[in-house]
Amino acid sequence: MTQTAGSITAVGSYLPLLRLDRAVAAKALKHFGLGGRQAGHRAVAGWDEDALTLAVEASRTLVATPPARVVFASTSAPFIERAHAGVMVDALALPRATRTSDVAGSRRCAVSALLDALLAGQDTLVAAGERRSARPGNAAHFSFGDGGAAVRTGTDGPAQLVGWASVSHDLLDSYASHEHDTPYASEERFVRDVASARIISPTIMAACTMAGIEPHAITQAAVHEPLSGMWKDVARQTGATAPNHATTLSAAAGDLGAAHALFALALAFDAAQPGDHVLLAGFGSGCDALVFRVDAPVAGAAEARAMLATGQVFSDTIHFLSLTGAIDLDFGVRSETEQKAQATVIERHGRDTIGFIGGRDMAGNVQFPKSLVPVRPDAEGHEPMADVRLADLTATLKSVTADRLNFTPDPPFWFGLVQFDNGARVPMELTDSNPEGFAVGDPLIMRLRIKSRDKRRGMRTWFWKAAPAARPALATDGEG
Amino acid sequence: MATGIRDRVAIIGMGCSKFGELWDKGAEDLMVEAFEEALADAGIERSQIEAAWMGNALDDINIGNSALPLAHALRLKTIPVSRVENMCATGTEALRAAVYAVAAGAIDFGLALGVEKLKDTGYGGLPLRTKGLANDLWMPYGSAPGTFAQLAGAYSARHGIGAADLKRAMAHVSWKSHQNGALSAKAHLRKAVDMETILKAPMIADPLGLFDCCGVSDGAACAIVTTPEIARSLGIANPVTVKAIQLSASHGWETGYGEWDGASVRNTQVAAQRAYAEAGIRDPRSELSLTEVHDCFSVTELATMEDLGLSDEGRATFDILDGRYDRSGAIPCQTDGGLKCFGHPVGASGLRMAYEVYTQLNERAGERQLAQVDFGLTHNLGGAPFNSVAAVSILGRLN
């Protein structure tokens, strides 16, 4: 190996709270001969989550120091023209001098971007978020999952890139387009044969060769399968014997698209021991295979494993269809609210809002939003304020209600007065309610969520919402 | 040194339209109905009115901006007309403007009229309003019941009142208002409702059920004011006078500074203390004959009883259950049914409250008439507990 590559310094991961019980939900399609035999869970984003919020949540632990570059990766990004990486910079309160780019085009885009960052030896945050649509009855509607994953690269991380290879191959296993924005899949047998034998396996073999190891020396794998069960074919073709954490992730949360391989990589790192070789392979219009040598535990890997163990299972089919946008429920006249956001206002307030930046006045009181004259009762005039980010602080619920009159796509509309431990107080929307709901005194953490959606103009805004400080343990029923 | 407006302005005529879901009436009908009653009551000519203030909170719902709709409806020829808006406290704000103009000596006769035509929205409840483009980026879009429901949990936590006790006291508030509303010919809801029905009603915003929420209504109410001297010259020997009108507004303290307990409305407390001082009332519990408070939601009335100083802190639950604020109680509240049953056409409500106190002071309340009425208080609350405008007025007789 003549080229010096970078390393992974830390990983991040995020799944939405809700997990669909696939087997129960599939029964609703039995009449139609659809749904198939299902098992496991599908991570389902709340109405207020999208590819951007999922990517941001996965990235939050990775930006204690600002990266030089942020790459946002997704095939389901909400905007066609508006850079999400730039929004991420504001949401994560990173300097505006941060270099940014969005990548898309295939599920592989995040792994490709990661490889680029590693080869460049850059201090880069590669963040993927995915919330893909599919039509009910399509296998993807159950096999997809929503989630985010992120990787921070550098030059002195515990996971060193030691081998890599790429193959470009325009295989039409599944596609989506502007004219057909849900997946259109080819015959599974065709995909299974061609993708494994001509694309994935050769790429893995090449990467292992470059790393100077045989595939059976790989101890943990994160290989994005085009179809479930394909790792067996790849393992047979390559001689690999490692467990594939991407398979585990598919069963537990679904195929996370661009975020899938990175999330699975975190799981693989969690299972790896120092000295192990870990394989990462991204698939889609080709393949990128990366071999890492793990020298020490990777920060964030254990949290990815823990993420799989918490959540809230549901099986209400109509709820699932509504959350995934597969049906458009008529919420009546009260839902006809005007939520237009103005560019001029976003220019003035957008960065502080999505960054949840409040201000500390001259007497030390913290407030949100900032104001020229502080809210402090004894303030007598204009004071300078120092920025204080509230997004990463804990808080307590001061007052609350479940509002059943106000329109929300997923009733009830929870909101209340949130008291931050640093003294700031903010009326906020609440999200990710546990089954028992919210109560005064509940400990809270902040989550970036969609604040408003202006469907008529294709516009949305984001802000932070308060969520329970802890998620319930996922009730396990035996499957991955 | 300012001395306030106590007894410097008399109310010589009041009118109030029928409140309700008035599918066949527009804002013009409502304004004319209320005004013609007030004009007849005052015994003056329309042309004697020198200035008018129109209170309307939601101008986009079939009324229109400015006060021109009032000038058009009543054909007020070239006099100054102004629209005032202060959320649900709009009605009292209109009265305050007219009263201040007379007290200042700028005019002899002023008109305050509040009107709202809410049932052209096409749905129940108040419309969701934008909070301003910058605030919309972060502030929750809560409904009115959602914002006031927050009082309940905070009140329980603050005073250690169990949810069941609080719920029962809230239900009693609504039960009492239904009893009174049934006796008010112009009220929106005129049917008595039993406690069990109230307690089992569908939830709107936890813990507020359907019967914890006031009606959303169409309606108008108005007052004609002048000086006590002119009132006497018109043959009104002992006119109803304004003892006080005070208003307190949030500046962000509740939501932005970590002091407020969420269990009370500070602006009500402040406005009440100012009003008592202006009116010369030292002991409201013994001096007030009745109150018309802003019972947009049952829990609001409960908290208001403490904020007005009529119940000790943490004791309103028990005072309510003891019947202290029933029509037969020590300090009757909402003798006309209140917002809960008389209805809540937002811009009209403050004037409707004054209309009931005025009616009681003039001993015209029929079956609802209280035995002894010396001072009546109105409490008109705009916004939400955490961001409010509270208007408190006190009416009595000149002598």
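**Q** I'm lost on the overall build of chain A in this one. Help?
**A** Across its full length, chain A carries 12 helices and 22 strands. In terms of overall dimensions, chain A is globule-like: its C-alpha atoms have a radius of gyration of 23 Å, near the 23 Å expected for 480 residues. Taken along the three principal axes of its C-alpha coordinates, chain A extends 75 × 60 × 40 Å. When contacts within chain A are restricted to residue pairs at least 6 apart in sequence, those whose partners lie at least 24 apart make up 72%.

**Q** What should I look at first to understand the overall build of chain B in this one?
**A** For chain B, the count of helices and strands is 14 helices and 11 strands. In terms of overall size, chain B behaves like a compact globule, its C-alpha atoms giving a radius of gyration of 19 Å where 399 residues would be expected to give roughly 21 Å. Residue burial in chain B is summarised as follows: out of 399 residues, 64% are buried. The contacts of chain B with a sequence gap of at least 6 include a subset with a gap of at least 24, amounting to 78%. Accessible area for chain B stands at about 13500 Å²; split by element, carbon and sulfur atoms hold 49% of it. Distance between charge centres in chain B, computed from 35 positive and 47 negative side chains, equals 1 Å.

**Q** Which parts of the structure should I look at to understand unusual backbone geometry?
**A** For residues other than glycine, phi is negative in most cases, and the peptide bonds are mostly trans. The omega torsion of the bond from F368 of chain A to P369 of chain A falls at -10°, within 30 degrees of zero and hence cis. Its place among the elements puts P369 of chain A in the loop between β16 (366-367) and β17 (386-389). With an omega of -5°, the peptide bond running from P411 of chain A to P412 of chain A counts as cis. Relative to the elements of secondary structure, P412 of chain A occurs in the loop between β18 (395-403) and β19 (413-420). A positive phi angle, near 65°, is found at N62 of chain B, a position not held by glycine. With respect to the secondary-structure elements, N62 of chain B resides in the loop between β2 (51-55) and α2 (68-74). Phi at E363 of chain B is positive, roughly 55°, even though this residue is not glycine.

**Q** Before we go on, may I ask you to explain the sheet that holds strand β7 (residues 218-226) of chain B in this structure?
**A** The pairing of strands in a sheet comes from backbone hydrogen bonds and takes either a parallel or an antiparallel form. Residue and element names in this part refer to chain B. Pairing is mixed across the open sheet formed by nine strands, whose spatial order is β3-β2-β4-β7-β1-β8-β11-β10-β9. Each end of this open sheet is capped by a strand with a single partner; those strands are β3 (81-84) and β9 (290-292). The mean inter-strand angle of the sheet, taken between neighbouring strand axes irrespective of direction, is 25°. Bridge count between β2 and β3: four bridges; the pairing is parallel. Note on β3: the bridge partner recorded for G55 is V84. Contacting β1 (10-16), β2, β4 (110-117) and β7, helix α1 (residues 27-42) runs over the sheet at an angle of about 140° to β1.

**Q** Any chance you could explain a nonpolar patch on the surface here in plain terms?
**A** Nonpolar side chains collect at one region of the surface, where L172, Y175 and Y184 of chain A lie side by side and expose about 310 Å² of accessible area between them. Residue placement: Y175 of chain A occurs in strand β9 (residues 174-175).

**Q** I keep staring at the pattern of salt bridges and nothing clicks. Help me out?
**A** In a structure, side chains of opposite charge can pair up when their charged atoms sit close to one another. All names here are of chain A. Scanning all chains against the criterion turns up 47 salt bridges over all chains. Between D378 and R376 there is a salt bridge whose closest N-O contact spans 2.4 Å. When its relative accessible area of 10% is taken as the criterion, R376 is described as buried. Residues E383 and R376 are paired through a salt bridge, measuring 2.8 Å at the closest nitrogen-oxygen approach. Each of D48, E49, E429, D432, R449, K451, K465 and R471 takes part in one network of salt bridges that share partners.

**Q** Is there a simple way to explain the nonpolar core in this structure?
**A** Side chains of a nonpolar character, in soluble globular proteins, are inclined to be buried together. With 114 residues, the main nonpolar core has I8, F269 and F356 of chain A as its most contacted residues. The element best represented in this core is helix α9 (residues 260-271) of chain A, accounting for nine residues. The residues touching F356 of chain A, leaving out its near neighbours within four places in the chain, are F368, V388, R389, L390, A391, F420, V426, M428, M446, F463 and W464 of chain A. Of all hydrophobic cores here, the second largest spans 46 residues; its members include M170, L302, L310 and A316 of chain B.

**Q** What exactly am I supposed to notice about the interface of chain A and chain B here?
**A** Interfaces are often described in size by the accessible area the parts lose on coming together. The interface of chain A with chain B comprises 44 residues on the first partner and 40 residues on the second. With its nearest N and O atoms 3.0 Å apart, the salt bridge here joins D206 of chain B to R404 of chain A. Those elements that place two or more of their residues in the side of chain A that touches chain B are α12 (343-354), β16, β18, β19, β20 (425-429), β21 (443-454) and β22 (459-468) of chain A. When the residues that make up the side of chain A that touches chain B are grouped by side-chain class, the tally is 20 nonpolar, 15 polar and nine charged.

**Q** Is there a simple way to explain the packing of helix α4 (residues 109-120) of chain A against α9 of chain A in this structure?
**A** Geometrically, a packed helix pair is captured by the angle between its two axes and the distance between the axes. All names here are of chain A. It is at 7 Å that the axes of α4 and α9 come closest, and there the two elements cross at 65°. One element, α4, and the other, α9, form an angle in the roughly perpendicular class. From α4, A110, V111 and L114 reach across to α9, where they touch A261, L262 and L265.

**Q** So what exactly am I meant to see when it comes to the environment of H72 of chain B here?
**A** Examined against the element boundaries, H72 of chain B turns out to sit in helix α2. When the C-alpha positions of H72 of chain B and A106 of chain B are compared, they lie 23 Å apart, and in sequence the two are 34 residues distant.

**Q** What's the story with the sheet that holds β16 of chain A in this structure? I'm lost.
**A** Residue and element names in this part refer to chain A. Strand order in the open sheet formed by three strands is β16-β15-β17, and the pairing between neighbours is antiparallel. In this open sheet, the two strands that pair with only one neighbour each are β16 and β17. Both strand β15 (residues 357-360) and β16 contribute to a ladder of two bridges, which runs antiparallel. Opposite G359, over in β16, you have Q367 as the bridge partner.

**Q** Explain the packing of helix α5 (residues 163-181) of chain B against helix α11 (residues 298-307) of chain B here, please?
**A** Residue and element names in this part refer to chain B. α11 packs onto α5 with a crossing angle of 100° between their chain directions and a minimal axis gap of 8 Å. When the axes of α5 and α11 are compared, the pair comes out roughly perpendicular. For the pair α5 and α11, the contacting residues are L166, A169, M170, V173, S174, K176 and S177 in the first and S298, V299, E301 and L302 in the second. Taken together, the residues that form the contact of α5 with α11 break down as six nonpolar, three polar and two charged.

**Q** Just checking my understanding: could you explain α4 of chain A for this structure?
**A** What sets the pattern is the α-helix's 3.6 residues per turn: residues three or four places apart point alike. Residue and element names in this part refer to chain A. With 12 residues, α4 should cover 16 Å at 1.5 Å per step; its first-to-last C-alpha distance of 16 Å lies within 8% of that length. Among the residues making up α4, those that are buried are C109, A110, V111, A113, L114, L115, A117 and L118. Backbone geometry just downstream of α4 places G121 in the positive-phi region, at approximately 65°.

**Q** Help me understand the packing of aromatic side chains, please; the structure alone is not making it clear to me.
**A** Ring pairs (aromatic) are described by centroid distance and by the angle formed between their planes. In total, this model carries 14 aromatic pairs over all chains according to the counting rule given. Ring plane angle 35° and centroid distance 5.6 Å describe the contact between Y175 of chain A and Y184 of chain A, whose orientation is recorded as tilted. Using a relative accessible area of 35% as the deciding quantity, one classes Y175 of chain A as partly exposed. Exposure remark for Y184 of chain A: the relative accessible area of 47% places this residue in the partly exposed category. With a centroid separation of 5.4 Å and an interplanar angle of 35°, the aromatic rings of F148 of chain B and F297 of chain B are classed as tilted. Here F297 of chain B lies in the loop between β9 and α11 and F148 of chain B lies in helix α4 (residues 144-159), a separation of 149 residues in the sequence. Of the two residues examined, F148 of chain B and F297 of chain B, each falls in the buried class. Grouped by ring-pair contacts, the aromatic residues F356, F368, F420 and F463 of chain A together with W138 of chain B constitute a single cluster. A cation over an aromatic ring shows up here: R96 of chain B above the ring of Y100 of chain B, its NZ or CZ 5.3 Å from the ring centre. Sitting over the face of the ring of W253 of chain B, R266 of chain B holds its NZ or CZ atom 3.9 Å from the ring centroid.

**Q** What should I look at first to understand the side chain of T182 of chain A in this one?
**A** Residues and elements named next belong to chain A. For T182, the location among the structural elements is in the loop between β9 and β10 (184-185). The class for T182 is buried, based on a relative accessible area of 10%. Apart from residues no more than four positions distant in its own chain, T182 is found in contact with S133, A134, R135, Y175 and A176.

**Q** When you look at the environment of A261 of chain A in this model, what are you seeing that I'm missing?
**A** Residue and element names in this part refer to chain A. For A261, the location among the structural elements is in helix α9. Residue class for A261 comes out buried when judged on its relative accessible area of 2%. When the C-alpha atoms of A261 and A221 are compared, they prove to be 9.7 Å apart, with 40 residues separating the residues in sequence. Every residue in contact with A261, bar those within four places of it in the chain, is listed here: V111, A222, H224, L280, A281 and G282.

What counts and how
- Residues numbered from 1 in each chain as written.
- Chains lettered and ligands numbered in written order.
- Predicted model: local features only at pLDDT ≥ 70, side-chain atom pairs only at ≥ 80, totals over all residues.
- Heavy atoms only, no water.
- Helix = DSSP H or I, 4+ residues; strand = E, 2+ residues; numbered from the N terminus.
- Rg over C-alpha atoms; globule rule 2.2 N^0.38 Å.
- Contact = heavy atoms within 4.5 Å.
- Buried < 20%, exposed > 50% of the residue type's maximum accessible area, 1.4 Å probe, protein only.
- Areas by Shrake-Rupley, 256 points an atom, 1.4 Å probe, with all protein chains shown as cover.
- Lys, Arg positive; Asp, Glu negative; His and termini not counted.
- Charge placed at Lys NZ, Arg CZ, Asp CG, Glu CD.
- Pairing = 2+ DSSP bridges.
- Axes fitted to C-alpha atoms, helices over the stretch in contact; angles between N-to-C directions.
- Patch = residues over 30% accessible without salt bridge, like charges linked within 9 Å, V, L, I, M, F, W, Y side chains within 5 Å.
- Salt bridge = Lys/Arg side-chain N within 4 Å of Asp/Glu carboxyl O.
- Core = buried A, V, L, I, M, F, W, Y, C linked by side-chain atoms within 4.5 Å.
- Nonpolar A, V, L, I, M, F, W, Y, C, P; charged D, E, K, R; others polar.
- Parallel < 35°, antiparallel > 145°, perpendicular 65-115°, else oblique.
- Expected span 1.5 Å × (residues − 1).
- Phe/Tyr/Trp six-rings, centres within 6.5 Å; stacked < 30°, edge-to-face > 60°.
- Lys NZ or Arg CZ within 6 Å of the ring centre and 35° of its normal.

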